[in-house]
Amino acid sequence: MTRKKVLITGASRGLGLAISKALAADYTLVLHASSDASFKESIPGSHILCADFSDPLQIASFCKRLKSEHGEDLYAVINNAGMAIDKSLVFQPERDIDAMISVNLKAPIMISKAVMKMFTVNKRGVIINISSCVGQSGNAFQSVYAATKAGLVSFSKSLAREVGVLCEEHHIRILSVSPGLIETDMFAGIPETERNKFLKMIPANRPGKAEEVAETVAFLLSDKASYINGANISIDGGLL
Ligand SMILES: NC(=O)c1ccc[n+]([C@@H]2O[C@H](COP(=O)([O-])OP(=O)(O)OC[C@H]3O[C@@H](n4cnc5c(N)ncnc54)[C@H](OP(=O)(O)O)[C@@H]3O)[C@@H](O)[C@H]2O)c1
């Protein structure tokens, strides 16, 4: 049986790398990062497709290459690449605002747009958008980041509904995942006082591991989750 092909953005480290490792045995992977140099570990048999998503022109050329090189047989997309530049809105430069909107929201939307036609023709496909708990709760000094992540949740729900209108019978699922505090480079970048504040709100009394998010994504991608659609799944140790 041919292996299904899955694109994972932001696969060079953190959650994206953990998701790549969790899927490598069962899927053919197309791995993305901002540049080839970002990959410190290689996954045998995977394809690499790089672009800096803070540049809308690079998003456009990435989508073009995705369609021409993998458009025929791509089964799923994990929109995971993301960036957070934490600052009071008053002091946030417009270029940082544009970069977060472009990487966290525009790129997932344009990639989804690039694959949706093929998914609706094939009547199968999965898109999993990696949002964040702060997309629902909001968070001081993360207003723009949180807004992009909230956008991903409603984008996923809306697109799932749209597919239901466009296709009578299909196996297309669009969903989002909202991790809480997970140990990655992004976690390491959070000031200690802020991290401790979050840790006090987690009933599990610890941050999550990238592998715990990856295993949930692997389940959601599989046919075992065939009736989970339009949902936003929290992976946050019960963060209150
Ligand atoms: N860690 C957490 O606690 C947490 C919690 C909630 C949600 N999330 C979300 O989970 C996702 C993964 O986070 P993470 O913690 O694994 O982050 P990370 O360790 O900082 O990794 C970020 C990934 O995104 C890519 N990326 C960043 N800026 C990019 C750009 N301009 N163009 C293209 N790719 C870019 C990076 O590629 P390069 O290596 O090339 O820079 C890297 O592969 C993000 O969407 C994040 O918002 C994380």
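Counting from 1, residues in each chain are numbered in the order their sequence is written. For this predicted model, a pLDDT threshold of at least 70 governs which residues receive local features, and a threshold of 80 or more governs which side-chain atom pairs are given and counted, while totals over whole chains, interfaces and linings are taken from all residues. Excluding hydrogens and water, the side-chain figures rest on all heavy atoms present in the structure.

**Student:** Hey, could you go over the packing of helix 2 (residues 56-70) against helix 3 (residues 94-122) for me, with residue numbers and the actual values?
**Tutor:** An axis is simply a line fitted to the C-alpha atoms; with a helix, the fit covers only the stretch in contact. Between two such axes, the angle follows the N-to-C directions and lies from 0 to 180 degrees. Strands here mean DSSP runs of E at least two residues long; helices mean DSSP runs of H or I at least four residues long; both are numbered from the N terminus. Remark: helix 2 packs on helix 3, axes separated minimally by 10 Å, with the N-to-C direction vectors making an angle of 30°. With respect to their mutual orientation, helix 2 and helix 3 come out roughly parallel. The interaxial crossing formed by helix 2 with helix 3 has right-handed handedness. Of the residues in helix 3, those touching helix 2 at Pro56, Ile59, Phe62, Cys63, Leu66 and Lys67 are Ser102, Lys106, Ala107, Met110, Ile111, Ala114 and Val115. Class assignment for the residues of the contact of helix 2 with helix 3 results in ten nonpolar, one polar and two charged. Orientation is classified from the angle alone, with under 35 degrees giving roughly parallel, over 145 giving roughly antiparallel, 65 to 115 giving roughly perpendicular, and any other angle giving oblique. For any pair of crossing helices, the crossing counts as left-handed if the nearer helix is rotated counterclockwise from the farther one by less than a right angle, and right-handed if it is rotated clockwise. In this analysis, two residues are considered to be in contact whenever any of their non-hydrogen atoms come within 4.5 Å of each other. Residues were grouped as follows: Ala, Val, Leu, Ile, Met, Phe, Trp, Tyr, Cys and Pro as nonpolar; Asp, Glu, Lys and Arg as charged; and all remaining residues, including Gly, as polar.

**Student:** Explain the pairing of strand 1 (residues 5-8) to me, and be specific about the residues and the numbers.
**Tutor:** The alternating pattern of strand 1 places Lys5 and Leu7 and Val6 and Ile8 on opposite faces, both of which are buried. Strand pairing is defined by DSSP finding a minimum of two bridges between the two strands. Here strand 1 runs beside strand 2 (residues 28-31); their pairing, made up of four bridges, is parallel. Following the sheet pairing, Val6 is matched in strand 2 by Leu29. This β-α-β element, strand 1 to helix 1 (residues 14-23) to strand 2, shows right-handed connectivity. Bridging between strand 1 and strand 4 (residues 74-79) involves four bridges; their strand directions are parallel. Along strand 4, the bridge assignment pairs Ile8 with Ile78. When accessible area is computed with a 1.4 Å probe and restricted to protein chains, residues below 20% of their type maximum are described as buried, those above 50% as exposed, and intermediate ones as partly exposed. Call a crossover right-handed when, viewed with both strands pointing away from you, the route from the first strand across the helix to the second goes clockwise.

**Student:** Let's hear about the pattern of salt bridges: which residues, and what values?
**Tutor:** Any Lys or Arg side-chain nitrogen located within 4 Å of an Asp or Glu carboxyl oxygen qualifies as a salt bridge. With the rule as written, the count across this model stands at seven salt bridges. Between Lys21 and Glu41 there is a salt bridge; the shortest N-O distance is 3.0 Å. Taken together, the residues span a long stretch of sequence, with Lys21 in helix 1 and Glu41 in the loop between strand 2 and strand 3 (47-48) at a distance of 20 residues.

**Student:** An account of the sheet that holds strand 2 is requested, with residue identities and associated values reported.
**Tutor:** The seven strands are arranged 3-2-1-4-5-6-7 in an open sheet whose pairing can be described as parallel. Each having just a single partner strand, strand 3 and strand 7 (232-235) make up the two edges of the open sheet.

**Student:** Just give me the short version of helix 3, but keep the residues and values in it.
**Tutor:** Expected helix span is taken as 1.5 Å per residue step, with the number of steps being one fewer than the number of residues. Its 29 residues give helix 3 an end-to-end C-alpha distance of 40 Å, which sits within 8% of 42 Å, the value for a rise of 1.5 Å per residue. Roughly 40° is the biggest bend found in helix 3, and it falls at Ser102. Count one or two residues on from helix 3 and you reach Lys123, which has phi positive near 60°. One axis fitted to the seven residues ending at a residue, another fitted to the seven starting there: the angle between these axes is the bend at that residue.

**Student:** Would you mind going over the site of the ligand in detail, with residue names and values included?
**Tutor:** In the vicinity of the ligand, 31 residues are found, and the nearest of them are Ser12, Ser34, Ser38, Tyr145 and Thr184. We call two N or O atoms a polar contact when they sit within 3.5 Å, provided that within protein one can donate a hydrogen and the other can accept it, with sequence-adjacent residues counted only if both atoms are side-chain atoms. In this structure, Arg13 approaches the ligand through a side-chain N or O atom, which is 2.8 Å from an oxygen atom. Between the ligand and Lys149 there is a distance of 2.8 Å, counted from an oxygen atom to a side-chain nitrogen or oxygen. In this description, accessible areas are obtained by the Shrake-Rupley approach with a 1.4 Å probe, and a residue is regarded as covered only by the protein chains that are shown. Burial of the ligand by the protein chains amounts to 92% of its free accessible area of 890 Å². Put simply, the parts of the chain that give the shell around the ligand at least two residues each are helix 1, helix 5 (143-166) and helix 6 (185-188). Here the residues of the shell around the ligand sort into 13 nonpolar, 14 polar and four charged. A single heavy atom is enough: if one lies within 4 Å of a molecule or strand, its residue is considered near that molecule or strand.

**Student:** Can you tell me about the packing of helix 3 against helix 5, naming the residues and giving the values?
**Tutor:** Between helix 3 and helix 5, the shortest axis-to-axis distance is 9 Å and the interhelical angle comes to 15°. Considering their axes alone, helix 3 and helix 5 lie roughly parallel with respect to each other. Pair helix 3 / helix 5 crosses with right-handed handedness. Packed against helix 3, whose contacting residues are Ile97, Met100, Ile101, Asn104, Leu105, Pro108, Ile109, Ser112 and Met116, the element helix 5 presents Val144, Tyr145, Thr148, Lys149, Gly151, Leu152, Phe155, Leu159 and Val163 at the interface. Looking at the contact of helix 3 with helix 5 residue by residue, the class counts come to 13 nonpolar, four polar and one charged.

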